Amino acid sequence: MTSSHTDCHYCLQSLCGRKYALREEKAYCVTCYDSLFANPCEECKQPIECDSKDLAYKGRHWHEGCFKCAKCSRSLVEKPFAAKDELLLCTECYSDEYSSKCFHCQKTIMPGSRKMEFKGSSWHESCFVCQYCRQPLGTKPLITKDNENYCVPCFEKQFAHHCYSCKKVITSGGVTYHDQPWHKECFVCAGCKTQLTGQKFISKDEYPYCVDCFSKFYAKKCAACKKPIAALGGAKYISFEERQWHRECFNCAKCSISLVGQGFLTRQDDVLCHECGSA
């Protein structure tokens, strides 16, 4: 032993026959070394002597016997552990206290296992499945109904409306007509096929018609001008002996005075005011 190791560097007492420790190539007796350099244990607050095992984690130190779970007190030496608010916890206690619970089975989602998150809740990967077909949803598109998740094909099969016209699924929007769902693009005039969404239309024999087509196919014809008398909005017209007139067309055939609300006479196909009819 060199002369520098014959005496304690701090108290200068002889190290012959005594245990000592080296630090930066200087020798210290055990007592001096512990008082100068030993780390205080986080658990028991006592120094960790040089002949004791010093376990360190993020700048903190423990005796081997003090390095244990803060909740169940099981040793963490050579065991996986987690830190929470400066406390060390075994993985089981950490999971019980802090890990997410599966929305479906309510069991803990263990650290390191894969979890799925949706709308603020967590699932085990094996629990995040379609409610109907039970196949994993993973990152597939899904639809939620009554707090249950469905893959899109199953949701459409179980709940989606089908268009009365084309029989395909209505994924958004749509029109209800005679208590039946229709795609907006399928809700068209039965005559000219013009889209009727947002337009005025008239029903006939359970089919919708635009005003022009209804007038063309079904409206009564004015006996005077021969044009259709539109029924939309309850259009007013004059009817007499199976003939109809627009109000503005119901005039004396000779002098053209309006006969609406007036007495009149008929002569063959003509209607006449009393004056012209008596002449």
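The protein chain goes by Four and a half LIM domains protein 5 in an unreviewed UniProt entry, where it is assigned to Podargus strigoides. In its Function (unreviewed entry) section, UniProt records this for the protein chain: "May be involved in the regulation of spermatogenesis. Stimulates CREM transcriptional activity in a phosphorylation-independent manner." Under the heading Subcellular location (unreviewed entry), UniProt records this for the protein chain: "Nucleus".

Moving on: the overall build of the protein chain. Scanning the protein chain from N- to C-terminus turns up five helices and 20 strands. A principal-axis box enclosing the C-alpha atoms of the protein chain has dimensions of 160 × 35 × 30 Å. Out of the 279 residues in the protein chain, the part that is buried amounts to 30%. Long-range contacts, defined here as pairs at least 24 residues apart, represent 12% of the contacts in the protein chain between residues at least 6 apart. Accessible surface computed for the protein chain: about 18,700 Å², of which carbon and sulfur atoms make up 48%.

Let us look at the UniProt feature "domain: LIM zinc-binding" (unreviewed entry) in the protein chain. The UniProt entry lists residues 39-99, 100-161 and 220-279 under the feature "domain: LIM zinc-binding" (unreviewed entry), expressed in the numbering used here. Between the end C-alpha atoms of residues 39-99 there is a gap of 33 Å, over a span that is 13% helix and 26% strand.

It is worth spelling out the side chain of H124 at this point. On the secondary structure map, H124 appears in strand β8 (residues 121-124). A relative accessible area of 16% places H124 in the buried class.

As a further point, take the nonpolar core. Ranked by size, the top nonpolar core spans 14 residues in total, and within it F187 and C189 carry the most contacts. For this core, the secondary-structure elements that each account for two or more residues are β11 (175-177), β14 (207-210) and α4 (211-217). Dropping the residues within four chain positions of it, F187 is found in contact with V175, Y177, W182, T194, Q195, L196, T197, F201 and P208. By size, the runner-up hydrophobic cluster in this structure holds 13 residues, among which are C41, L55, C69 and L88.

Turning to the pairing of β14, a few remarks are in order. Here strand β13 (residues 201-204) runs beside β14; their pairing, made up of four bridges, is antiparallel. Paired with S203 across the two strands is P208, which belongs to β14. Following β13, the chain reverses through two residues before pairing antiparallel with β14; D205 in that reversal takes a positive phi of roughly 55°.

Before going further, it helps to spend a moment on unusual backbone geometry. A positive phi is found at H178, a non-glycine position, where the angle reads about 55°. By the element assignment, H178 lies in the loop between β11 and β12 (180-182). Of note, K226 is a non-glycine position whose phi angle comes to about 70°, a positive value. For K226, the location among the structural elements is in the loop between β15 (220-221) and β16 (228-229). Classification of K226 by relative accessible area gives exposed; the value is 59%.

Conventions and cut-offs
Residues numbered from 1 in each chain as written. Predicted model: local features only at pLDDT ≥ 70, side-chain atom pairs only at ≥ 80, totals over all residues. Heavy atoms only, no water. UniProt positions renumbered as here; feature names shortened; annotations may be inferred. Helix = DSSP H or I, 4+ residues; strand = E, 2+ residues; numbered from the N terminus. Buried < 20%, exposed > 50% of the residue type's maximum accessible area, 1.4 Å probe, protein only. Contact = heavy atoms within 4.5 Å. Areas by Shrake-Rupley, 256 points an atom, 1.4 Å probe, with all protein chains shown as cover. Core = buried A, V, L, I, M, F, W, Y, C linked by side-chain atoms within 4.5 Å. Pairing = 2+ DSSP bridges.

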